[in-house]
Amino acid sequence: MPLALPDLQAAFAAHVAGRDRADLTAAVIGDSISAEARLRVYRHHVAYSLGTALAATFATVHTLVGEEFFRTMAGGFVARELPAQPALSEYGAGFPEFVAGYEPASGLPYLADIARLDWALNVAFHSPVGRRLAAADLAAIALEQLPSLSIALSAGAALVSSRYPIDRIWHASQPGASG
């Protein structure tokens, strides 16, 4: 009996996350390539694509730990959390917390904060650009009015707090940085 669409989707999601289901294998038709082989190729491509998206979003983390370590770490995250939205720029909000608990990265205690900074930069980059307050705007306000005024932060603004010099680590990790 064929799987209903919601069951098929759930089976594919489980498969991508590394939890094989016999009902999915039975639902996939093989010819010169077996159903199991087709599903392995699919899992590999999805995991690779999501890992590549995470490497782009968390570029500083990727630079700091290198390709092999990052791919392994991203693979663990992908197995735990698949995208919930169709835009890959929205994927990875939980990655900093994953990094914080990732045992092989425990020797890099600042890495989760770097991931938080990378995520904040990603959110800011993809947020709409609003009107910015300029020095001329402030100069046009009477001094006695300033204490009664308030400003709002732009969409995507974030405060990333850390015990570590994440701004210097980020800067030193940029292409062409002199250290």
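This is a predicted model, so every value here is computed, not measured.

Peer 1: Is there a simple way to think about the side chain of Asp 113 in this case?
Peer 2: Take Asp 113: it is sitting in helix α7 (residues 111-125). Here the side chain of Asp 113 touches Ser 162 through a polar contact of 2.5 Å, side chain to side chain. When near neighbours in sequence (up to four residues on either side) are disregarded, Asp 113 contacts Val 160, Ser 161, Ser 162, Arg 163, Tyr 164 and Ile 166.

Peer 1: What's the story with the pattern of salt bridges in this structure? I'm lost.
Peer 2: Side chains that differ in sign of charge can pair as their charged atoms come close. One pass over the structure, following the stated rule, counts four salt bridges. The salt bridge involving Arg 116 is made with Asp 113; its shortest N-O contact spans 2.6 Å. Of this pair, Arg 116 and Asp 113 both sit in helix α7, three residues apart, which is roughly one turn of the helix. Exposure remark for Asp 113: the relative accessible area of 12% places this residue in the buried category. A salt bridge links Arg 131 to Asp 137, with the shortest nitrogen-to-oxygen separation between them at 3.1 Å. Residue Asp 137 is classed as partly exposed on the basis of its relative accessible area, which comes to 22%. One continuous salt-bridge network, built from bridges that share partners, spans Glu 97, Asp 113 and Arg 116.

Peer 1: Help me understand the packing of helix α3 (residues 35-57) against helix α5 (residues 67-80), please; the structure alone is not making it clear to me.
Peer 2: Helix packing for two helices is described by the angle between their axes and how far apart those axes are. Taken N-terminus to C-terminus, the directions of α3 and α5 make an angle of 115°; their axes are 9 Å apart at the nearest point. Here α5 runs roughly perpendicular to α3, going by the angle between their axes. Helix-helix and strand crossings are classified by hand; for α3 and α5 the assignment is right-handed. Contact with α3, carried on its side by Ala 47, Tyr 48, Leu 50, Gly 51, Thr 52, Leu 54 and Ala 55, involves Phe 70, Arg 71, Ala 74, Phe 77 and Val 78 of α5 and no other residues of that element. Among the residues forming the contact of α3 with α5, the class breakdown is nine nonpolar, two polar and one charged.

Peer 1: How do you make sense of the environment of Leu 121 when you look at a structure like this?
Peer 2: As for its placement among the helices and strands, Leu 121 is situated in helix α7. Each C-alpha atom, one on Leu 121 and one on Ala 35, is 41 Å from the other, the two residues being 86 residues apart in sequence.

What counts, and at which threshold
Residues numbered from 1 in each chain as written. Predicted model: local features only at pLDDT ≥ 70, side-chain atom pairs only at ≥ 80, totals over all residues. Heavy atoms only, no water. Helix = DSSP H or I, 4+ residues; strand = E, 2+ residues; numbered from the N terminus. Polar contact = N/O pair within 3.5 Å; in protein donor to acceptor, adjacent residues only side chain to side chain. Contact = heavy atoms within 4.5 Å. Salt bridge = Lys/Arg side-chain N within 4 Å of Asp/Glu carboxyl O. Buried < 20%, exposed > 50% of the residue type's maximum accessible area, 1.4 Å probe, protein only. Axes fitted to C-alpha atoms, helices over the stretch in contact; angles between N-to-C directions. Parallel < 35°, antiparallel > 145°, perpendicular 65-115°, else oblique. Left-handed = near helix turned anticlockwise from the far one by under 90°. Nonpolar A, V, L, I, M, F, W, Y, C, P; charged D, E, K, R; others polar.

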